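# Analysis of the macromolecular model
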Amino acid sequence: MWVSLEGMDLPRLSELIDQGALPHFQDLVEGGCSGILNARLPLLPEPLFATMAAGCPPGRHGITSPLSSRCGTVPLAIGSGDWESPPLWEFLREEGHPCHLINIPGTHPASGLGVTVSPLFINQASARPREELMPMRDVSPAEMRTLMLDQVVDPRRIDTATMQLFVPDLARIDQEHDDRLDRLARILARNLTIHGAACHALLAADWQVAAIRYTLVDEVGHLVPGVNSPPAPWLDHHDLEIYGKATEGAYRLCDLFLKRLVELAGPGTTICVTSPSSFLPGTMISPLPRPATGHRHEEHSPRGLIILKGPETGRDGLVHGAALEDVGVTLLHAAGFSPPPGMTGRVLGEVFGAADPPLKELSRPQAVHEHPTEAESEFLLEARTRDLSPD
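Residues numbered from 1 in each chain as written. Predicted model: local features only at pLDDT ≥ 70, side-chain atom pairs only at ≥ 80, totals over all residues. Heavy atoms only, no water.

### Regarding the confidence of the model for the chain
Worth spelling out the cut-off: The quantity known as pLDDT measures the predictor's confidence residue by residue, on a range of 0 to 100. Only heavy atoms matter for contacts: two residues are in contact if any of them lie within 4.5 Å across the pair.
Overall, the prediction assigns the chain a mean pLDDT of 88, with 92% of residues at 70 or greater. Per-residue pLDDT stays below 50 along residues 291-295; that stretch engages in 16 contacts with residues further than four places along the chain or on separate chains.

### Re the nonpolar core
Note the following rule: Throughout this description, the term nonpolar core refers to a set of buried Ala, Val, Leu, Ile, Met, Phe, Trp, Tyr and Cys residues connected via side-chain atoms within 4.5 Å. Throughout this description, buried means an accessible area under 20% of the type-specific maximum (1.4 Å probe, protein chains only), exposed means over 50%, and partly exposed covers the range between. A run of H or I in DSSP becomes a helix once it reaches four residues, and a run of E becomes a strand once it reaches two; helices and strands are each numbered from the N terminus.
Residues Leu13, Phe25 and Val273 are the most contacted members of the largest nonpolar core, which totals 71 residues. With eleven residues, helix H9 (residues 180-204) is the largest single contributor of residues to this core. For Leu13, the contacting residues outside a window of four places in its chain are Met8, Leu22, Phe25, Tyr251, Leu305 and Ile307. Grouped together as the second largest cluster of nonpolar side chains are 39 residues, Ile78, Phe91, Ile104 and Val327 included.

### Some words on the packing of aromatic side chains
Quick note on the threshold: Pairing of aromatic rings covers Phe, Tyr and Trp, the last through its six-membered ring, and needs centres within 6.5 Å; plane angles under 30 degrees mean stacked, over 60 mean edge-to-face, and all others mean tilted.
Per the stated rule, a full pass over the model turns up three aromatic pairs. Ring geometry for Trp2 versus Phe49: centroids 4.7 Å apart, planes at 10°, classification stacked. Here the residue Trp2 occupies a position in strand E1 (residues 2-5), and Phe49 occupies one in helix H3 (residues 45-54), the gap between them amounting to 47 residues. You can call Phe49 buried: its relative accessible area is 1%. Both rings, one in Trp83 and one in Trp89, keep their centres 5.7 Å apart while their planes meet at 85°; by these two values the pair is edge-to-face. Look at Trp89 and you get buried, because its relative accessible area is 2%.

### Regarding unusual backbone geometry
The omega angle of the peptide bond from Leu41 to Pro42 is 0°, so this bond is cis rather than trans. Not every positive phi belongs to a glycine, and Asn103 is a case in point at roughly 60°. Relative to the assigned elements, Asn103 resides in the loop between strand E3 (99-102) and strand E4 (116-117). Here Asn103 falls in the buried class, since its relative accessible area comes to 3%. Of note in this structure, Arg137 is not a glycine but carries a positive phi near 55°. Position of Arg137 relative to the elements: it lies in the loop between helix H6 (119-125) and strand E5 (139-140). Exposure remark for Arg137: the relative accessible area of 37% places this residue in the partly exposed category.

### Focus on the environment of Leu22
Looking at the element boundaries, Leu22 is found in the loop between helix H1 (10-18) and helix H2 (23-31). As a C-alpha pair, Leu22 and Leu240 span 218 residues in sequence and 23 Å in three-dimensional space. In this structure Leu22 touches Leu13, Leu16, Ile17, Tyr251, Arg252 and Asp255, once residues within four positions along its chain are discounted.

### Description of the layout of surface pockets
We apply this condition: The rule is simple: put a 1 Å grid over the protein atoms alone, call a set of points where a 1.4 Å probe fits but cannot get out a cavity, call an open set with protein on both sides within 12 Å along at least five of seven lines a pocket, and count a residue as lining if it has an atom within 4 Å of a point. Grid points are joined across faces, edges and corners, and a volume is the space filled by probe spheres set on the points. Polarity classes work like this: nonpolar for Ala, Val, Leu, Ile, Met, Phe, Trp, Tyr, Cys and Pro, charged for Asp, Glu, Lys and Arg, and polar for all others, with Gly in that last group.
Looking at the largest pocket, its volume works out to about 340 Å³. Lining the largest pocket are 18 residues, with Met1, Gln208, Val209, Ala334 and Ala335 positioned closest to its centre. Sorting the residues of the lining of the largest pocket by element identifies helix H5 (88-94), strand E6 (209-214) and helix H13 (325-334) as the ones contributing at least two each. Here the element with the most residues in the lining of the largest pocket is H13; it accounts for three residues. For the lining of the largest pocket, the per-class residue count stands at twelve nonpolar, five polar and one charged.

### A word on the pairing of strand E2 (residues 33-38)
We apply this condition: Pairs of strands are assigned from DSSP output, requiring at least two bridges between the strands.
Across the six residues of E2, five count as buried, placing the element largely inside the fold. Examined bridge by bridge, E2 and strand E10 (residues 303-309) share six bridges and lie antiparallel to one another. Looking at E10, one finds that Ile36 is bridged to Leu305. Here five bridges tie E2 to strand E11 (residues 317-323), and the two strands are oriented parallel to one another. Following the sheet pairing, Gly35 is matched in E11 by Val319.

Put into structure tokens, the structure is as follows:
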């Protein structure tokens, strides 16, 4: 099982583990191997994730931004037909292994062996009331869509007690002039929907590999630029007092997400947790206004994290020198397959110790030629700006 938690920082994670705040992360770190995961520019979520999944750099896998290379005058989002080098799940599906994919870039239109819930479903669910959600090739198999609709969380149903886990003193917020509480509610609803979809997919259909991508820490971190320790000297003192605990709340909620996923995976399952980038210290963030790009990569550091725990991994070990390209290669190795020739990353052999199991060769999957339509692209791109744009 691969769980991607965008925006997480290994030093911050370690600090909260030492405080006893993240018991389920602590179990993974102490029972497995962990370390820094090194990325390269641009620090945009789609190419970062694609590099991990395809085991090669953007110049080879073809996903270099949220926009498809097919774009003309109309912006079109990346889709399953934009991969020039296949991601690891296509190789595994070719071998007959069901793969569940929840909120994974480049998986629209949803298709393939296993359950796929594309980012379009998540984005549409966070933008419209449930009764207005349109079927847009966003869940596969199609008969799973009703079950996924039952997992949609309405941001208006996020109660005060839940919001106070992130903003304890929310009564001090002037909501007429500060819309960040509403944006936080939408971020929470979106990630709770992702979690519900993932859990029910794992319960409802057989799987051999599952990949789930949460954006909670990243999105919460962008609500108040510069709050990451040490905070920016230009940061408004009121903002620091009100929103200073929001990121910690995001880590704590991810710990609970992880608890349930590990329970559903069961003993003997290899768990891989990644974050392809993290936040720069607040002191390194510019006070200049940022454009409404939906993802402010200038606030990010190319140092993410990786944690691996499974039957063949060492305990409380260190992963050194890991790059994004190594993730897909290592996951295929853990599944018992040799990496195909197109993958340029290395197997993180230090994770598995002296074990050298026999590996199977993979067949190259058939090329996928489906792409998001113009209407589908609007929903795929919308959430990048709606809840992360400047006030």
